[in-house]
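Observations on the model geometry
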Amino acid sequence: SYTLGDMERQRQLTIASLRRDGVWDMNREAWLPSVVLRIAVVSSRQAAGYQDFCKELAKSPYAFRTTLFEALMQGQGAEASVVAALEAIAARQEAFDAVVVIRGGGSAADLNCFNGYRLCAHIAQFPLPILTGIGHDKDTSVADMVAHTALKTPTAVAGWLVERMTGVEGWLDTAALQLRDASAGISVSYTHLTLPTT
C-alpha cells in the first residue's frame, strides 16, 4: 500500500523524530560485556536467517546459549510483534548479555517495519545492547542505525559473536601465560633468599 517514495519519507521522519527525542545514540552507548554468551534472539523460528544464525554459532567451540523470542518479521503486525518480543526480553533482561534481531533479505516493503518509529524507539532505548542482522548487504534500516552494532546478515551476526569470543579467549591465554611467568619469577626470588639463623 506504500510507494517507495512513501516509505522513504516515513524513514526520514523516523530518523528526524529519534534525533529530536534525544535517543538516537542511546543503544550504541550501552555497555556490551566482553563475554557475550547469553543471547536473546528476536526472529521467526522458520526463517532461513534464524537457522543460518544458529548453525554458525553451533560450529564454534563456545557455549552460546540462545533464547528465541518469536516475532513476525514482515507484513502487517510485524512492528508490534517485534516490539512485544523486545518487551518480553526487557522483563528478563538480567538473564541475557545482549539481544540479536535478525531477518534475512527481502524487498523494501518486506523490510519497511524496521523503519517504523515505535520499533526503532524501542531499540534505541533498550537497556541491553542490540545487534542487528537485517536484510542484504545493501540494506540499511533505521533499526540498524540505532542498534548497538549492525551487521549485514544473520550469519554475519553469528560470525561477529564467534570472532569476539575468539578474541577474549586469546586475551585470556595471554593473561594466563603472563601470570605463570610472573609466578615463576616470584618463586625464583624466594629460592635465593637467605633465611636468618637463630
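Just above sits the structure.
The model shown is predicted, which means the values in this text are computed figures rather than measured ones. (Residues numbered from 1 in each chain as written. Predicted model: local features only at pLDDT ≥ 70, side-chain atom pairs only at ≥ 80, totals over all residues. Heavy atoms only, no water.)

**What about the overall build of the protein chain?**
A count of helices and strands for the protein chain gives six helices and five strands. Walking the protein chain from its N terminus toward its C terminus, one meets helices and strands in the order α-β-α-β-α-β-α-β-α-β-α. Residues classed as buried in the protein chain amount to 42% of the 198 residues present. At a minimum sequence separation of 6, the contacts of the protein chain that also span at least 24 residues come to 76%. (Helix = DSSP H or I, 4+ residues; strand = E, 2+ residues; numbered from the N terminus. Buried < 20%, exposed > 50% of the residue type's maximum accessible area, 1.4 Å probe, protein only. Contact = heavy atoms within 4.5 Å.)

**Brief notes about the packing of helix α1 (residues 4-20) against helix α4 (residues 117-124)**
One way to put it is that α1 packs onto α4 with a least axis distance of 10 Å and a crossing angle of 40°. The angle between α1 and α4 falls in the class oblique. When you trace α1 past α4, the crossing you get is right-handed. Within the contact between the two elements, α1 uses T14, S17 and L18 and α4 uses Y117, C120 and A121. Tallied by class, residues from the contact of α1 with α4 come to four nonpolar, two polar and no charged. (Axes fitted to C-alpha atoms, helices over the stretch in contact; angles between N-to-C directions. Parallel < 35°, antiparallel > 145°, perpendicular 65-115°, else oblique. Left-handed = near helix turned anticlockwise from the far one by under 90°. Nonpolar A, V, L, I, M, F, W, Y, C, P; charged D, E, K, R; others polar.)

**Examining the side chain of D97**
With respect to the secondary-structure elements, D97 resides in the loop between α3 (78-90) and β3 (98-103). Within the structure, D97 has its side chain in polar contact with the backbone nitrogen of L37 (distance 3.0 Å). Excluding residues that lie within four positions of it along the chain, D97 makes contacts with L32, P33, V35, V36, L37, R38, L128 and P129. (Polar contact = N/O pair within 3.5 Å; in protein donor to acceptor, adjacent residues only side chain to side chain.)

**What about the sheet that holds β3?**
Sheet architecture is open: five strands sit in the order β2-β1-β3-β4-β5, paired in parallel fashion. Across the chains shown, the open sheet's two edge strands, defined by having one partner strand only, are β2 (65-70) and β5 (149-151). The mean angle between the axes of side-by-side strands here comes to 20°, regardless of whether they run parallel or antiparallel. Here β3 runs beside strand β4 (residues 130-134); their pairing, made up of five bridges, is parallel. Its bridge partner being in β4, V100 is matched across the sheet by L131. In this fold α3 packs onto β1 (38-43), β2, β3 and β4, with an angle of close to 160° to the strand it touches most, β1. (Pairing = 2+ DSSP bridges.)

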